[in-house]
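A structural walkthrough
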Amino acid sequence: MSNRDPLAYCRAMITREEILVLGLTAGVVGSLVGGLMLGIGLGLVIGGQHLGWLLVLPAAPVAGMLGYLLARKLAKRLTPP
């Protein structure tokens, strides 16, 4: 066991700055897109347009999906070649 090779070193490391920027970007973009969909959809529903529910119901999942896509983009950039 003492003759094992050391683990391969991965030069691509996630820094605190990248995590902070990812969280802030995902939060801001998700809030803007989800809030916009929610606001427009509820405005349509209150105005009697039932088609507005097509914007209201997926507002939160779409907002979360944007954060997920940003995280995958960061993870793809950090994987070793």
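Structure: above.
Residues numbered from 1 in each chain as written. Predicted model: local features only at pLDDT ≥ 70, side-chain atom pairs only at ≥ 80, totals over all residues. Heavy atoms only, no water.

Turning next to the overall build of the protein chain. A count of helices and strands for the protein chain gives three helices and zero strands. Starting at the N terminus, the α and β elements of the protein chain follow one another as α-α-α. The buried share of the protein chain, reckoned over its 81 residues, is 16%. A sequence separation of at least 24 residues applies to 57% of the contacts in the protein chain between residues at least 6 apart. Surface summary for the protein chain: the accessible area is close to 6800 Å², and the carbon and sulfur share equals 70%. (Helix = DSSP H or I, 4+ residues; strand = E, 2+ residues; numbered from the N terminus. Buried < 20%, exposed > 50% of the residue type's maximum accessible area, 1.4 Å probe, protein only. Contact = heavy atoms within 4.5 Å. Areas by Shrake-Rupley, 256 points an atom, 1.4 Å probe, with all protein chains shown as cover.)

Moving on: helix α3 (residues 59–78). Here α3 is 20 residues long and its end C-alpha atoms lie 30 Å apart, about the 28 Å a rise of 1.5 Å per residue gives. Residues of α3 that are buried: Ala 59, Ala 63, Gly 67, Leu 74 and Leu 78. End-on view of α3: buried residues confined to an arc of 115 degrees, all on one side of the axis. More than 90 degrees from the buried face of α3, the exposed residues found are Pro 61, Arg 72, Lys 73 and Lys 76. (Expected span 1.5 Å × (residues − 1). Arc of directions from axis to C-beta.)

What follows deals with helix α1 (residues 16–46). Structural remark: α-helix, 3.6 residues per turn; residues separated by three or four positions point the same way. Compared with the 45 Å implied by 1.5 Å per residue over 31 residues, the 44 Å span of α1 between its first and last C-alpha is a close match. Of the positions making up α1, those classed as buried are Ala 26, Gly 30, Gly 34, Met 37, Gly 41 and Val 45. Summarising the contacts, the buried residues of α1 are in contact with α2 (53–56) and α3. With its phi angle positive at about 95 degrees, Gly 48 sits one or two positions after the end of α1.

The next subject is the environment of Met 13. Tracing the backbone through its elements, the reader meets Met 13 in the segment before α1. Along the sequence, Met 13 and Leu 78 sit 65 residues apart, while their C-alpha atoms lie 6.9 Å from each other. Residues contacting Met 13, with those up to four places away along its chain left out, are Glu 18 and Leu 78.

What follows deals with the packing of α1 against α3. Where α1 meets α3, the axes come as close as 8 Å, and the angle between the chain directions of the two elements is 155 degrees. The pairing of α1 with α3 is recorded here as roughly antiparallel in orientation. For the pair α1 and α3, the sense of crossing is right-handed. Residues Glu 18, Leu 22, Thr 25, Ala 26, Val 29, Gly 30, Val 33, Gly 34, Met 37 and Leu 38 of α1 form the contact with α3, whose own contacting residues are Ala 59, Val 62, Ala 63, Leu 66, Gly 67, Leu 70, Ala 71, Leu 74, Arg 77 and Leu 78. (Axes fitted to C-alpha atoms, helices over the stretch in contact; angles between N-to-C directions. Parallel < 35°, antiparallel > 145°, perpendicular 65-115°, else oblique. Left-handed = near helix turned anticlockwise from the far one by under 90°.)

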